Amino acid sequence: MPHPPRQPSLALRHPWWWLALAWLLLGALLVADLWRERQRIEARERALLVQQAGVLHDNLGQQLDAINHALSSLLADMESAGGRTGEGERLSERLRTFADAMPAVRTFNLLDAKGRVLASNFPEIVGRDLSHRDYFQSAARSRSANALIMGAPLSGVLGGWVLVLGRIVPGHDGGFGGMLVAGLDTQHFQTLLQSVRYAPDMLAGLTHGDGLNFLALGRGAEPVMVDLAQPDTLFTRHMTSGEPATVLRGVVRPGGEQYLTALRTVQPPALQMDRPLVVEVGRPWSHIFADWSAQARTLGLAYLLAGLAAAAVLLWVQRRQRQLIAQTQRLEDVQRRHQDMLHRLVARLSGVLYQYQLEPDGRSHFPYLSPGVADIYGYAPEELRDSAAPVLERIHPDDLQPVTHSIQESARTLADWRSEYRVILPGRGERWLNGQARPQRLDNGAVLWHGYIHDITDIKRQALQLQETERVLQQLMSDMPVGLCMVDGARRIYFRNRRFLAHFGYAEAEVPTLHEWALRAYPDADYRAEVAHAWGQAMAQAASQGGVIEARPYRVTARDGTQHVMDIGGLLFGGHFLATFQDRTEQQAHSERLHRLAYVDGLTNIANRRHFDQALQAEWRRCRRSGQPLAVMLLDIDYFKQYNDLYGHQQGDACLQAVAQVLRNGLARAHDFVARYGGEEFVCLLPECDAAGALHKAEALCRAVQALGMEHAKGTPGGVVTISIGVASQVPGAEGHAEDLLRQADTQLYRAKSDGRNRACGDGPDPLNS
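Reading the values: rules and limits
- Residues numbered from 1 in each chain as written.
- Predicted model: local features only at pLDDT ≥ 70, side-chain atom pairs only at ≥ 80, totals over all residues.
- Heavy atoms only, no water.
- Phe/Tyr/Trp six-rings, centres within 6.5 Å; stacked < 30°, edge-to-face > 60°.
- Helix = DSSP H or I, 4+ residues; strand = E, 2+ residues; numbered from the N terminus.
- Buried < 20%, exposed > 50% of the residue type's maximum accessible area, 1.4 Å probe, protein only.
- Lys NZ or Arg CZ within 6 Å of the ring centre and 35° of its normal.
- Pairing = 2+ DSSP bridges.

**Q** Help me get a handle on the packing of aromatic side chains, residues and values and all.
**A** Summed over all chains, the structure comprises 21 aromatic pairs. Ring geometry for Phe136 versus Phe176: centroids 5.6 Å apart, planes at 70°, classification edge-to-face. Taken as a pair, Phe136 in helix α3 (residues 134–141) and Phe176 in strand β6 (residues 176–185) lie far apart in primary sequence, 40 residues in all. Assessed through its relative accessible area of 6%, Phe136 is described here as buried. We classify Phe176 as partly exposed; its relative accessible area is 25%. Look at Tyr356 and Trp449: their rings are 5.6 Å apart centre to centre, the planes differ by 40°, and that puts the pair in the tilted class. With Tyr356 in strand β13 (residues 352–358) and Trp449 in strand β17 (residues 447–455), this residue pair connects regions lying 93 residues apart in the sequence. Aromatic ring contacts, followed pair by pair, group Phe500, Phe504, Trp517, Tyr522, Tyr527 and Phe581 into a single cluster. The ring of Trp292 carries Arg38 above its face, with NZ or CZ at 5.0 Å from the centroid. The aromatic ring of Trp432 is capped on one face by Lys460, whose charged end is 4.5 Å from the ring centroid.

Structure (structure tokens):
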């Protein structure tokens, strides 16, 4: 009965399925890793923007509180002075003192109920009618006598843009009696905005609650005094949300570039501001992911090239296979269609059809051999009809015993005989043969096989070519830009690519198993146990979630002793897994540099206000537990505003740096703390130091700064830069607060300035908080 033709197409498709599966799995791994990286970048950028917006919010809140405190103090002075003779001139002098002490404030003005200026730190303003100003009209309409009026930014009477804050002056009848206002120079906030810009493409700005943007720095900064209260702008969406803090993606104004922006509403409840300020810190959306996009394109190109190369090799191999399979099919078709041409077909057959007979006494011979035997064994059929010994002599010595054993076993069990073995032919060398036959037992006890033997040397060569294809695929994996290693069920590392070796330097001979690698990569036993627990959890989670092992950061030690931060993830398949390694060491170092930007003043290289606030609270709690005193020195460079105006901002920065260095050198104890408090103000924290010791140290610092001899033509009578220091010390108690100690130091600083500057003032501890 004729046999149906074989269908080779299904067998040829299998390698393509495996290649496609491997290619898709590798692609899924790359896409998943890139997506996680993008998510990490966005989360990190959001956190940084929120942090920087928080710095602006806290600093502005403190400055507004300081100005509100100054206005309250002036109102209290006015109430205590009543209507004494010469009070107007005294009040103007008082306003000038406050203005000199507060660099951010350009003017202090007192307006009567009709908007006329009664007193000012600028005499030329006295008598002007400012009733048409927005802030005056808002104050006249206000129902709250304690409200802090936040006027819209405007062009001041002395030129330049001014942000006005004011407090209502109660009339004799309890009604509206005028207002006391402070005009803030908007340019004063430029240094603050610049301090939070950790990237050159960052945008930082300040906007009035009505939508008027009066200060902006950085890439894409809009001109000042632009109305941002327009549909779909970031400002409008933030204000509409009603939330005090938001992180939004959108445009600063319609049609502009997309930004990821953190916005904070500045409106401390204690100040009762009638309108807020809004701070914005953002970066262009496209710039945030610029490096990520370049990496994604590079990996995508490498991925496509790897797939094309593997497909080309497999296509070539299968083309050869199809040629051989087509040839075999043609021969089988001829057999089925032309049974009457059997002898001629046999004559042209590439192998040999045969009958092999094994006699009971052990002799063997070939009753029938097709002409193809000459190509298979190098003998004519007639030479082998009486004895098979010449054939056995041609079998390779290493294969002779297995072949004879398989013949004897087939004769015993009458099972089909199959074997692949080598022969050595004169002039042709070593050839591979494949033989198969079906036995039958004859009446005389002999066993007769009907079979076919053919040359499979070319097929063996193709197998070697397939092995070469696998080698090429392995080479592609070896050249991947991500570190790779493959681990079997016995935890042996049976593949490691070049990037893996570049990262760690451990070859197979040194660390053949995952356990031996871990002993060197995690030399600390406690951390190694922690890593093993985390990796076990990741593997268990991957087993239930499609096999993808989520990448997590680990601290890994390389062969040369250097430590790297690696994101290690991978893919679980069966009892094996593929581990991926991406070096994140530089990114972590970048994060540490950003942390330094958040806690160190960029100009003076000492701690900033945020760092000081945290240190003050920590030392307050520690000294309260130990019962030791805590001292604070709040100091200010005398007439610094005039110094800046006279010598310029560059010289002013040099002056700030010199004073900071004196303070750092003057506080020799390891736990003493010095920080830049804002502008020309500095603050020193002295744990376990009483009032007398702190005052002594403050006087020494005053002398040290004066000894610098930095020229100041408009300073104190000595003609050099000097400082004034307010000192406060107390033993923290259960009822007291760290802010109380800071306010005491501020009071003493004001006293030092009032007494003529270039001095330190302080008194004993407050008995109520001791």
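**Q** Just give me the short version of the pairing of strand β11 (residues 258–266), but keep the residues and values in it.
**A** The buried fraction of β11 is high, at 7 of 9 residues. Examined bridge by bridge, strand β10 (residues 245–251) and β11 share 7 bridges and lie antiparallel to one another. By the bridge assignment, Leu248 is partnered in β11 with Thr261. From the end of β10 to the start of β11, which pair antiparallel, there are 6 residues, and Gly255 there has a positive phi angle of about 85°.

In short, geometric facts, not functional conclusions.
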